[in-house]
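Survey of secondary and tertiary structure
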Amino acid sequence: MNKTGLLLVVSGPSGAGKSTVLRHLIDHHSNIMFSVSATTRPPRPQEEHGVHYRFVSEEEFSELIMNDELLEYVNYAGNRYGTLKKPVFDSIKAGKVVVLDIEERGAFQIKSGISDCIMIYLAPSDMQEVEKRLRMRGTENEEHIAQRLSLAYAQREHIYSYDYYVCNDSIEEASRKLLCIIEAEQCKIARVPNIKEEANA
Ligand code: 5GP
């Protein structure tokens with residue numbers, strides 16, 4: 001049976017372990033890939049250009065917008081972030097599961113353009129854990145921590161706009177649940193256009 005390409009939009013509080021869970025998922029499943037966003041934020045120690053983000057200047061980001069190369073983009077906590085269109089569409093066409101780790105305004109922009117994307121809210125069960133993890137990461141100053149926390153609380157208000165909630169108290173458990181969601185979504189009749197031929201093959 002052909003692989004069914006999917007678009008998974010994962011959103012949730014920043015600094016609470018979203019990317020760790022997604023890395024775990026992607027490292028264990030070769031058909032799932034991470035979409036590398038463009039950002040004007042400076043790289044953190046350990047972050048690599050082209051792996052964690054495509055780190056670009058303000059001018060380069062504006063050019064991406066002008067050339068219509070972004071699927072969505074936002075200004076978040078003083079920096080710009082955007083999803084690159086071509087790698088996402090090429091991979092879905094090739095039957096890959098593409099995962100976007102993006103904040104909620106971008107997530108809703110994607111949903112309004114691509115209605116069959118799968119919207120997942122990934123967050124710890126306890127919001128105090130968000131603050132603890134953000135502080136432990138040690139990459140943001142107090143002002144930025146406060147800004148990210150207030151955005152995280154605001155996002156919780158919109159939880160009913162998502163298709164799934166995955167709790168990331170445990171990396172393995174969260175990654176396992178994401179895989180279950182992917183497998184269930186790939187089995188949906190609506191996603192298998194040539195179901196009759198495939199059933200008879
Ligand atoms: P960070 O600076 O901690 O890497 O990311 C800050 C926030 O931006 C996170 O919530 C992350 O999910 C989100 N983000 C990363 N890339 C994109 C993107 O391309 N578009 C949008 N809308 N948000 C993004």
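The paragraphs below set out a description of the structure included in this document. (Residues numbered from 1 in each chain as written. Predicted model: local features only at pLDDT ≥ 70, side-chain atom pairs only at ≥ 80, totals over all residues. Heavy atoms only, no water.)

A few words now on the overall build of the protein chain. A count of helical and extended segments in the protein chain gives eight helices and nine strands. The C-alpha radius of gyration computed for the protein chain amounts to 17 Å, which stays within 12% of the reference 17 Å derived for 201 residues, consistent with globular compactness. Projected onto the principal axes, the alpha-carbon positions of the protein chain cover approximately 60 × 40 × 30 Å. Out of the 201 residues in the protein chain, the part that is buried amounts to 46%. Of the contacts made within the protein chain by residues no fewer than 6 positions apart, 67% connect residues no fewer than 24 positions apart. Of the roughly 10,800 Å² that the protein chain leaves accessible, carbon and sulfur atoms contribute 52%. Distance between charge centroids for the protein chain: 3 Å, based on 24 positive and 30 negative side chains. (Helix = DSSP H or I, 4+ residues; strand = E, 2+ residues; numbered from the N terminus. Rg over C-alpha atoms; globule rule 2.2 N^0.38 Å. Buried < 20%, exposed > 50% of the residue type's maximum accessible area, 1.4 Å probe, protein only. Contact = heavy atoms within 4.5 Å. Areas by Shrake-Rupley, 256 points an atom, 1.4 Å probe, with all protein chains shown as cover. Lys, Arg positive; Asp, Glu negative; His and termini not counted. Charge placed at Lys NZ, Arg CZ, Asp CG, Glu CD.)

Let us now look at the pattern of salt bridges. This structure, assessed with the given rule, holds 18 salt bridges. Of the charged contacts, one joins E129 and R133 as a salt bridge, the two residues approaching to 3.2 Å between their closest N and O atoms. With E129 and R133 both in helix α5 (residues 127-137), this residue pair falls four residues apart, about one helical turn. One network of salt bridges, with partners in common, ties together R41, R44, E47, R137, E140 and R148. (Salt bridge = Lys/Arg side-chain N within 4 Å of Asp/Glu carboxyl O.)

All right, on to the packing of aromatic side chains then. Centre-to-centre distance and the angle between the planes together describe a pair of aromatic rings. The tally for this structure, following the rule as stated, stands at seven aromatic pairs. With a centroid separation of 5.9 Å and 80° between ring planes, the pair formed by Y76 and Y81 is classed as edge-to-face. As far as the burial class goes, Y76 and Y81 line up, both buried. Relative to Y162, the ring of F108 lies with its centre 5.6 Å away and its plane at 50°, an arrangement referred to as tilted. Note that F108 is positioned in helix α4 (residues 104-113) and Y162 in the loop between α6 (142-156) and β9 (164-167), a separation of 54 residues in sequence. On the accessibility criterion, F108 (26% relative accessible area) is partly exposed. Taking relative accessible area as the criterion, Y162 reaches 9% and is therefore assigned buried. Ring pairs connect the aromatic residues Y53, F55, Y76 and Y81, which therefore count as one cluster. (Phe/Tyr/Trp six-rings, centres within 6.5 Å; stacked < 30°, edge-to-face > 60°.)

The subject of this paragraph is the site of the ligand. If you check the shell around the ligand, you find 18 residues, and the closest are S37, R41, Y53, Y81 and R148. Between the ligand and E103, the relevant distance is 2.8 Å, taken from a nitrogen atom to a side-chain nitrogen or oxygen of the residue. Coverage of the ligand by the protein chains reaches 96% of its 510 Å² of free accessible surface. Residue assignment for the shell around the ligand shows that the elements contributing at least two residues are β5 (70-76) and β6 (79-84). Across the shell around the ligand, the residue classes break down as five nonpolar, five polar and eight charged. (Near = heavy atom within 4 Å. Polar contact = N/O pair within 3.5 Å; in protein donor to acceptor, adjacent residues only side chain to side chain. Nonpolar A, V, L, I, M, F, W, Y, C, P; charged D, E, K, R; others polar.)

Another point: the sheet that holds strand β3 (residues 38-39). Where strands meet in a sheet, backbone hydrogen bonds hold them as pairs that are either parallel or antiparallel. Reading across from one edge, β4-β3-β6-β5 is the order of the four strands in this open sheet, with mixed pairing throughout. A single partner strand is all that each edge strand has here, and the edge strands are β4 (54-55) and β5. Contacts from helix α2 (residues 58-66) reach β3, β4, β5 and β6 within the one sheet, and its direction differs from that of β6 by about 40°. On top of the sheet, helix α3 (residues 85-93) reaches β5 and β6; it is set at about 30° to β6, its chief contact. (Pairing = 2+ DSSP bridges. Axes fitted to C-alpha atoms, helices over the stretch in contact; angles between N-to-C directions.)

As for its placement among the helices and strands, E72 is situated in strand β5. The buried charged residue E72 lacks any salt bridge, with R105 as its nearest oppositely charged partner at 8.2 Å. Residues contacting E72, with those up to four places away along its chain left out, are Y81, G82, T83, I102, G106, Q109 and I110.

Once that is clear, we can look at the packing of helix α1 (residues 18-28) against helix α7 (residues 171-186). Closest axis-to-axis distance for the α1/α7 pair is 9 Å, and the angle between their directions is 60°. Between α1 and α7, the interaxial angle falls into the category oblique. As α1 packs across α7, the resulting crossing turns out to be right-handed. Contact residues: T20, V21, L22, H24 and L25 in α1; I171, E172, A174, S175, L178, L179 and I182 in α7. For the contact of α1 with α7, the residue count by class is eight nonpolar, three polar and one charged. (Parallel < 35°, antiparallel > 145°, perpendicular 65-115°, else oblique. Left-handed = near helix turned anticlockwise from the far one by under 90°.)

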